[in-house]
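# Descriptive analysis of the structure
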Amino acid sequence: MIPSTLEYTKATSIDEAIAAVQAGARPLAGGQSLLPMMRLRLAAPGAVVDLGGVAELVGVCEDGDEIAVGAMTTHRAVAADPLIGEHCRVVAQAASGVGSLVIRGRGTIGGSLAHADPHGDLPAAILAVGGSVIARGPGGERRIEIGDLITSYLTTSLADDEIITQVRLPKGNAQSAYAKFHRRAIDWSIVGVGVAIGPDGVRAAATGVGDKPARVTGFEAALNGGASLDEAAAAAGDGLDPSSDLDGSAEYKRHLVGVLAKRAYLEAQG
Amino acid sequence: MATVERKTGGGIGEAVLRKEDRKFVTGEGRYVDDLRLPGMLHAVFVRSPFGHAKVKGIDIAAAEALPGVHRVLTHATLPAETGVLCASNPPGSDVRQPEQPLLARDEVRYVGEPVAIVIADDRYIARDGADLVLVDYDPLPVVCDAEAALADGAPLVHSGYPDNAAATLVHETEGFAEAMQGAARTVELRVVNQRVTPMPMETRGCIGDWQQATGEVTLYTSTQVAHFVRTFISFVCGTSEAKVRVVTPDVGGGFGAKLNTYREEFAVCSASRVMGVPVKWIEDRSENAVATIHGRDQVQYYTAGVDESGRIVALKFDAIQNNGAYHQLLTPTISHLTVFMVPGCYDIQNISIRMRQAFTNTTPTDAYRGAGRPEATHGIERLMDAIADDLGLDAAEVRRVNFIQPEQFPYSSSTGLVYDSGDYDTTLDEALRLADYAGFAARRAASEANGKHRGIGLSTYVEVCGLAPSAVTAAIGVGAPGWEHSTVRLHPTGKATVITGTSPHGQGHATSWSQIVQTELGIPFEDVEVIHGDTAFQPYGLGTYGSRSLAVGGVALHRSLGKVREKAREIAANLLECSVDDLEWTGTSWQVKGSPDRAKTIQELAGAAWAASSMPEGVEPVLEATTFHDPPNFTFPFGTHVCEVEIDPETGRVEVVNYTAVDDCGNVINPMIVDGQVHGGIIQGLGQALYEETVYGEDGQMLTPTLVEYLVPSAADVPPMTLARTTTPSPSNPMGVKGIGEAGTIAASAAIVNAAVDALSGLGVRHLEMPLQPARVWNVIQEAKS
Ligand SMILES: Cc1cc2nc3c(=O)[nH]c(=O)nc-3n(C[C@H](O)[C@H](O)[C@H](O)COP(=O)(O)OP(=O)(O)OC[C@H]3O[C@@H](n4cnc5c(N)ncnc54)[C@H](O)[C@@H]3O)c2cc1C
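Residues numbered from 1 in each chain as written. Chains lettered and ligands numbered in written order. Predicted model: local features only at pLDDT ≥ 70, side-chain atom pairs only at ≥ 80, totals over all residues. Heavy atoms only, no water.

## Focus: the overall build of chain B
Per the secondary structure count, chain B includes 20 helices and 28 strands. For 786 residues, the compact-globule estimate of 2.2 N^0.38 gives 28 Å, and the C-alpha radius of gyration of chain B, at 27 Å, lies within 12% of that figure. Overall, chain B is about 90 × 75 × 50 Å in size when its C-alpha atoms are taken along their principal axes. The proportion of buried residues among the 786 residues of chain B is 64%. Of all intrachain contacts in chain B linking residues separated by at least 6 positions in sequence, the fraction that spans at least 24 positions is 80%. (Helix = DSSP H or I, 4+ residues; strand = E, 2+ residues; numbered from the N terminus. Rg over C-alpha atoms; globule rule 2.2 N^0.38 Å. Buried < 20%, exposed > 50% of the residue type's maximum accessible area, 1.4 Å probe, protein only. Contact = heavy atoms within 4.5 Å.)

## Some remarks on the packing of helix α12 (residues 250-269) of chain A against helix α20 (residues 774-785) of chain B
Two elements in contact, α12 of chain A and α20 of chain B, have axes separated by 11 Å at closest approach and are oriented at 90 degrees. With respect to each other, α12 of chain A and α20 of chain B are oriented roughly perpendicular. For the pair α12 of chain A and α20 of chain B, contact is made by E251, Y252 and H255 of chain A and by P774, A775 and W778 of chain B, respectively. (Axes fitted to C-alpha atoms, helices over the stretch in contact; angles between N-to-C directions. Parallel < 35°, antiparallel > 145°, perpendicular 65-115°, else oblique.)

## A few points about helix α16 (residues 549-576) of chain B
All names here are of chain B. In a regular helix each residue adds 1.5 Å, so 28 residues correspond to 40 Å; α16 covers 38 Å between its end C-alpha atoms and thus fits that length. Counting buried residues along α16, 22 of its 28 residues qualify, which places the element largely inside the surrounding structure. Among the residues trailing α16, E577 stands out with phi positive, at a value near 50 degrees. (Expected span 1.5 Å × (residues − 1).)

## A short note on the sheet that holds strand β2 (residues 26-28) of chain A
Residue and element names in this part refer to chain A. Spatially, three strands are ordered β1-β3-β2 in an open sheet, and the strand pairing comes out parallel. Looking along the sheet, the strands with just one partner apiece sit at the ends: β1 (7-10) and β2. Within this sheet the neighbouring strands show an average axis-to-axis angle of 30 degrees, counted without direction. Here three bridges tie β2 to strand β3 (residues 47-50), and the two strands are oriented parallel to one another. By the bridge assignment, L28 is partnered in β3 with D50. (Pairing = 2+ DSSP bridges.)

## Examining the confidence of the model for chain B
On average, residues of chain B carry a pLDDT of 96, and 99% of them reach 70 or more. Across the interfaces of the predicted complex, the ipTM metric reaches 0.96, alongside a pTM of 0.97. (pLDDT = per-residue confidence, 0-100.)

## Quick look at the pairing of strand β21 (residues 528-531) of chain B
Residues and elements named next belong to chain B. Here β21 shows one buried face, formed by V528 and V530, and one open face, formed by E529 and I531. Here four bridges tie strand β20 (residues 496-500) to β21, and the two strands are oriented parallel to one another. Considered in β21, the bridge of V498 is made with V530. You can see the chain leave β20, run along helix α15 (residues 509-521) and come back into β21, and the turn it takes is right-handed. (Right-handed = clockwise from strand over helix to strand, strands pointing away.)

## A closer look at the packing of helix α10 (residues 373-391) of chain B against helix α19 (residues 743-759) of chain B
Relative orientation and spacing of two packed helices are given, respectively, by the angle between their axes and the distance between those axes. All names here are of chain B. Contact geometry of α10 with α19 gives a least axis separation of 8 Å together with a crossing angle of 30 degrees. Judged on the interaxial angle alone, α19 and α10 are roughly parallel. α19 is crossed by α10, and the crossing has right-handed handedness. Counting all contacts with α10, which are made through R373, P374, T377, H378, E381, R382 and D385, the residues of α19 involved are T745, I746, S749, A750, V753, N754 and V757. The residue makeup of the contact of α10 with α19, split by class, is five nonpolar, five polar and four charged. (Left-handed = near helix turned anticlockwise from the far one by under 90°. Nonpolar A, V, L, I, M, F, W, Y, C, P; charged D, E, K, R; others polar.)

## Observations concerning the pairing of strand β23 (residues 589-592) of chain B
All names here are of chain B. Neither face of β23 is open: one carries S589 and Q591, the other W590 and V592, and all of them are buried. The pairing of strand β22 (residues 583-585) with β23 spans three bridges and is classified as antiparallel. Residue L583 lies in a different strand from β23, and its bridge partner there is V592. Taking the residues that link successive antiparallel strands as the turn, the β22-β23 hairpin has three residues, and the phi of G587 there is positive, at about 110 degrees. Summarising the sheet, β23 and strand β24 (residues 595-601) pair through four bridges and their orientation is antiparallel. If you follow Q591 over to β24, its bridge partner there is A599. Where β23 hands over to β24, the hairpin turn is made up of two residues, of which G594 adopts a positive phi near 80 degrees.

## Some points on the interface of chain B and chain A
Tallying the contact residues gives 31 residues for chain B and 23 residues for chain A. Both faces combined, the contact of chain B with chain A buries some 2400 Å², and carbon together with sulfur accounts for 58% of it. Counting the contacts that link chain B with chain A gives four salt bridges. Salt-bridge contacts for E650 of chain B lead to R263 of chain A; the nearest nitrogen and oxygen are separated by 2.7 Å. Among the elements of the structure, α3 (123-132), α8 (285-291), α18 (671-691) and α20 of chain B are those that each provide at least two residues to the side of chain B that touches chain A. Broken down by element, the residue count for the side of chain B that touches chain A peaks at five residues, all from α3 of chain B. Classifying every residue of the side of chain B that touches chain A gives 16 nonpolar, five polar and 10 charged. (Buried area = accessible area lost by both parts, 1.4 Å probe. Salt bridge = Lys/Arg side-chain N within 4 Å of Asp/Glu carboxyl O.)

## Considerations on the environment of A750 of chain B
Residues and elements named next belong to chain B. With respect to the helices and strands, A750 occurs in helix α19. A relative accessible area of 0% means that A750 is categorised as buried. Spatially, the C-alpha atoms of A750 and Q518 are 39 Å apart, while their sequence positions differ by 232 residues. Residue contacts for A750: discarding those within four places in its chain leaves T377, H378, E381, L458 and S459.

Shown next as structure tokens:
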């Protein structure tokens, strides 16, 4: 649990941060995932650039049909934000259930997405509402849908010299909720499911069901096709491929997806 | 949640706030890692990544070439007279004592076994250097499970022995076989007490400082047993015990994990000897998971012969203890303590016991809070519920028909102990009342209406504390006595210093010992300083473990205070020109009977004894006394815990919704501290019942090396608790005290698991293993339904 030697710089603007990343530094957001990895020597970046001094990366505002959330906005701020609470409750709920108060006070929405942990709560919640990120690199900005951003276990489609600057959440997801199943209060989700009931039907996405967050298509299709909630819950695990591990078998986790999808749906309905 | 309101200032029985806490809550505690000695270098250990392998070669060149690395030491270059010593040889068990070298010589036998030490300017460089040490391993077959290790054809952990048997303890009472044969029915149960990790908040750490010129060595170490460590350093490092000084700064928890002497403690002394400067090592969290002892890991097979009322007429207990790869300080003794407590609080006179201990390719097991007794209690308390289940009886009633009755004390158990005192029905009655046992059916119905299964579980326990009468430790093959030391020193100003041989690491001895001084000598609580933790100024002390500190060390203090008081009486008689028989003790002074104006306070007498100008004939100056107290017997705290759980059948989650504990630890010095010990103990038992398990994969890798996989409960996971006490003083000591440090842990796991089994009993579930992971419980529910 002793990290290897590294260089540390702190950026004060997005451009400075991108320059540092271009030079090979790893972005450091809340450090709640990167620092543990460094201590376990699963990551050993030669240099990190701290995004904590970049004011333009923090904050939440309305932008047309969307809410724009700065990448460095903490889980705590996301959980308490009235705009997100009103239009995308599932995201606020997911943020409020991350780890403990201390972790929520440091961990960020951008860091959660960039880290792409297959048990992360924010990626699933944001996938449930069809959110996206704005990535910026030396060549400019592009928008990436969440489903395209996270490609595999701890892996994203971001280029080496790109950082996430914003998360974009579509409005119209007031009727939404996140159900998390974990063991101790501080723990990661074994399985978590976000459900959003929109004008085009029900969207649901889960974490803990494979190497990346996934849409719960069995549940969505059943409900959107007029099946009962219990039938939809029974179909929720279809097509999902969670691993069997100390937390339980794949069968158990597929079952949990149904239980949680149902609970989230009932809560989303209000 | 607490039974008491907190107060400040006071003597025995008052809930005084802890005087040691200010420094801890303001960050001024001083732990080993806070110490910096001039010229000090830092060590990091290179550890085996394999569960079992030959070490064919170690290439240290690249590591030694790293700037900042001073030296890499291996078995060939680190001086040592012998390996780590085990102080435990249970008689008649033919216990095997494999050599445990400080650094692996040619073979590693568990993941984490130390192979080399990198010594560098700082920890970071040393850690980088450790990555550059190239060890050539040739992997060997591994076995981690104890039952598998004892099976024919299992891979050998130590190729020098024909099998993996580490020791076997057997005990059978006369007439057992006939009693078992005559039983109306038999009830069988297999219980697994899983391996857990003690996980103190402060990991281990030590600094060795060897003075080349004099051969004196000082070891600063985070331990519960400083003197023991000193004795062993003298053996392992080959120096006079009189030249070894062991200093214990503040210690951030131990739970038995620091009731030991470890390779690293010897290694930093020897490394300092080689390097000529102090060498420091601080264990990191993942290192702690493999390098510090584990607890439990016992598989038990019970067969109870019972009559129709559920009374046990004969009990057979056949168990296997996983000792790990080597024997640490007390490894073979821990399951011996299980053997002692197999009958629990029940009058079971016909008993047959076999305890097989096995070597495996895992970290050694040793004392962990409760040390052998939680295993016994969990098993017998699960068995009581199985008997109730099989016979269709109430769980409380089955316990009652088996209880040892108050008039049977002192009670000779079938395993050779003499229980001092007890009143088991009373704690059971009180616990059932507080837990509203009678109203449970209504609460269950309400839960069922909500789609939840509700259960209630009991754990009626007795444990053995106050380790230990020295004749007993010798008889059971422990190479250490069980007495304790105290010195009381009064200063000319009337203030007092207490030197104690106990080694507090969270228990609040400075507070409790001060309360004893105030009550027994009349010196105010705040005028007392309690010091400990440095073998240079202390007489030999045995330390803190086995809920012994108050029952042995506190009693040693009580006796020293009595000696001081009596000496003060002689001085007072001289000053007041009367006979000692004319004096009475007021609580703060000696006065002539009936004449309050003719009195000397203890402070005046301390001053007079120091001034020494008018001492009685033959009385030495100064009020000071020392006692080495060897207890005549153990003490036997007991109680009843009642747990209520709700289970969500959809997810398998077990939630403790109510927890009631009625404990009897004899007389209480500080009720707030006792409550704290009970709370912490219960939470640790709850950790084992619900969350914690140290898991090895088939290949010998540890699958739970960080706190992401190894789940320790946090404050947010603590259920509502109701605590109460009954008081049955121990007749074994003048204070009537027993001990409370481990009771909560001993009792809790069975109460919780019994409640969970009860919740699912309607589905036909008869047993659950720990921890009660949701997935495991859900699987059991599915199996029961199909
Ligand atoms: C004890 C504990 C419990 C936790 N429990 C949960 C939980 O229940 N649910 C959950 O979802 N999470 C949990 N987390 C993780 C937490 O949510 C982290 O905050 C999150 O995963 C990472 O965010 P961060 O801001 O800390 O990122 P960091 O740790 O700083 O960075 C993580 C990764 O993202 C990269 N990165 C960060 N920001 C950017 C950016 N703007 N652009 C590009 N790359 C970037 C970094 O380079 C790094 O690779 C827990 C963490 C801990 C320590």
